[in-house]
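Observations on chain architecture
Here are the chains, one letter per residue:
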Amino acid sequence: MSKAIQAIRGMNDCLPSETKVWQMVEDTLRRVAGNYGFAEIRMPIVESTALFKRSIGEVTDIVEKEMYTFDDRNGDSLTLRPEGTASCVRAGNQHGLLYNQEQRLWYMGPMFRHERPQKGRYRQFHQFGIEAFGIATPDIDAEIIMLSARLWKELGIAEHVTLELNSLGSNEERAAYRDALVEYLTKREDKLDEDSKRRMHSNPLRVLDSKNPDVQAALADAPKLSDYFGEETQAHFAQLTAYLDNAGIKYELNERLVRGLDYYNRTVFEWVTSSLGAQGTVCAGGRYDGLVEQLGGKGTPGVGFALGIERLVLMLTSLEKLNNIRPQVEAYVIALGEGADLTAMQLAEQWRDEVSGIRIQNHCGGGNMKKQMKRADKSGAHIALILGEDEIANGQVTVKYLRGQHEQQQIDLAQVAGLLASIM
Ligand code: ATP
Ligand code: MG
């Protein structure tokens, strides 16, 4: 026998037992995005490498070490998208959706990053993202945070996530702060690790969210970004927090929250959980007012977030929040005796016609009552509809309840559609 080929490390199959959870999550994401008037956009999975270098930034983990980049047969450098915002802005610019307009968009799909695979961190993973263009005021920042909060509520995990919030100020404010921070870091260079020393010159703000406790200790008296904020940034942030307070959304101010992508300004936020171990960030986002222009469009403000669907699925599973997942089918049809399979197949079709949306699995492959009942049980159906020779002769069906304590009963064929409708 030849050796079986395996999937690529960090790129997972999603098996039927898991797709139920995924579909429930995806349905919730779509529905809640719709609740806030957001429309879906779908972008290609492969883009020009330049798009991500220009938007995410050359000196970021993603661009430095995580992208799947390759030359295609024409010699063009292409990259499997590591995130969605850059593609979304590219598409918006290309099709004239952004300048002087307002767009509220969402997307969902696979992203690719060459990271070390571990729980909650994969090389192909899936994001759901929200992007709002054309609105500079913080009401829209609040609106998308409220949208995310509603997601947690609907998924039943609201008590397990907390919101961290910060402002990164304007480009000018950050530039002034950057000088002060570099000066501070230069005096403590001996206390920094190699990564931070390198970042100190290329991207000093990233040093702030170093996970190294020694680096964090060295940052104890570092200058604060918020001390460099002018009136406009202060007012923007104060208004955002007022909207959140008014909506009853709790947050923790975290001055060290800087995000790993270069395009953010002003609002940044993350939803974090303690129930996932090291991979604690479920959802992250912020404002990116300069990005549209940076990618060749005319200046248009933007704000958005992305969440990791694998991390949500892991959370729901480990917290056992899976009650609202429907079984694969409502009813399972069993046929016993000569010619009963013909009638069963015909009736199953008739019931699918009569009860819109009903999910009926018809037993195929024959076998005795025991074998067919075993399959019926395994299907997850609420009821088995049994058609034997007697039932068929009398124009009836035997209903066996597979969940709960109901007595088995015989009903007329004419009553089946009503019964099916009642168990959907
Ligand atoms: P992290 O700090 O965990 O690496 P990040 O800052 O790189 O996250 P973003 O680029 O902001 O993540 O992506 C938004 C969300 O996408 C994350 O909060 C997370 O839920 C999810 N995510 C990011 N990278 C991965 C990955 N490799 N595997 C699974 N989910 C991921
Ligand atoms: Mg990362």
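Residues numbered from 1 in each chain as written. Chains lettered and ligands numbered in written order. Predicted model: local features only at pLDDT ≥ 70, side-chain atom pairs only at ≥ 80, totals over all residues. Heavy atoms only, no water.

- As named in an unreviewed UniProt entry, the protein is Histidine--tRNA ligase, taken from Thalassotalea euphylliae.
- Per UniProt, the protein carries the Subunit (unreviewed entry) text "Homodimer."
- Here is the UniProt Catalytic activity (unreviewed entry) comment for the protein, exactly as written: "tRNA(His) + L-histidine + ATP = L-histidyl-tRNA(His) + AMP + diphosphate + H(+)". (UniProt positions renumbered as here; feature names shortened; annotations may be inferred.)

Here we look at the UniProt feature "binding site: L-histidine" (unreviewed entry) in the protein
- When the UniProt feature table is mapped onto this chain numbering, "binding site: L-histidine" (unreviewed entry) sits at E83, G84, T85, R113, Q127, E131, R259, Y263 and Y264.
- Tracing the backbone through its elements, the reader meets T85 in helix α4 (residues 85-94).
- Other than its neighbours up to four places away in sequence, T85 contacts Y107, E131, Y263, Y288 and L291.
- By secondary structure assignment, the location of R113 is in the loop between β5 (103-112) and β6 (124-133).
- Those residues within four positions of R113 in sequence are excluded, and the remaining contacts are I62, E66, Y68, P82, E83, Y122, R123, F125 and Q127.
- Polar side-chain contacts of R113 include one of 2.8 Å to the backbone oxygen of P82. (Helix = DSSP H or I, 4+ residues; strand = E, 2+ residues; numbered from the N terminus. Contact = heavy atoms within 4.5 Å. Polar contact = N/O pair within 3.5 Å; in protein donor to acceptor, adjacent residues only side chain to side chain.)

Describing helix α12 (residues 340-354)
- The terminal C-alpha atoms of α12 lie 21 Å apart, and with 15 residues this matches the ideal 21 Å at 1.5 Å per residue to within 8%.
- Listed as buried for α12 are A340, A344, L347, A348 and W351. Projection of α12 onto a plane perpendicular to its axis shows the buried side chains occupying an angular sector of 105°, all on one side. In α12, those exposed residues whose orientation departs by more than 90 degrees from the buried face are L342, Q346 and D353. (Expected span 1.5 Å × (residues − 1). Buried < 20%, exposed > 50% of the residue type's maximum accessible area, 1.4 Å probe, protein only. Arc of directions from axis to C-beta.)

Observations concerning the pairing of strand β15 (residues 396-401)
- With five of six residues buried, β15 lies mostly within the body of the structure.
- Alignment of strand β14 (residues 383-387) against β15, held across four bridges, turns out to be antiparallel. Its bridge partner lying in β15, L385 is registered against V399.
- Looking at chain direction, β15 and strand β16 (residues 409-412) are connected through four bridges and run antiparallel. Residue pairing in the sheet places Q396 in a bridge with D412 of β16. (Pairing = 2+ DSSP bridges.)

What about the UniProt feature "domain: Aminoacyl-transfer RNA synthetases class-II family profile" (unreviewed entry) in the protein?
- What UniProt calls "domain: Aminoacyl-transfer RNA synthetases class-II family profile" (unreviewed entry) maps, in this numbering, to residues 1-327.
- Between the C-alpha atoms that bound residues 1-327 there is a distance of 38 Å. The span itself is 38% helix and 19% strand.

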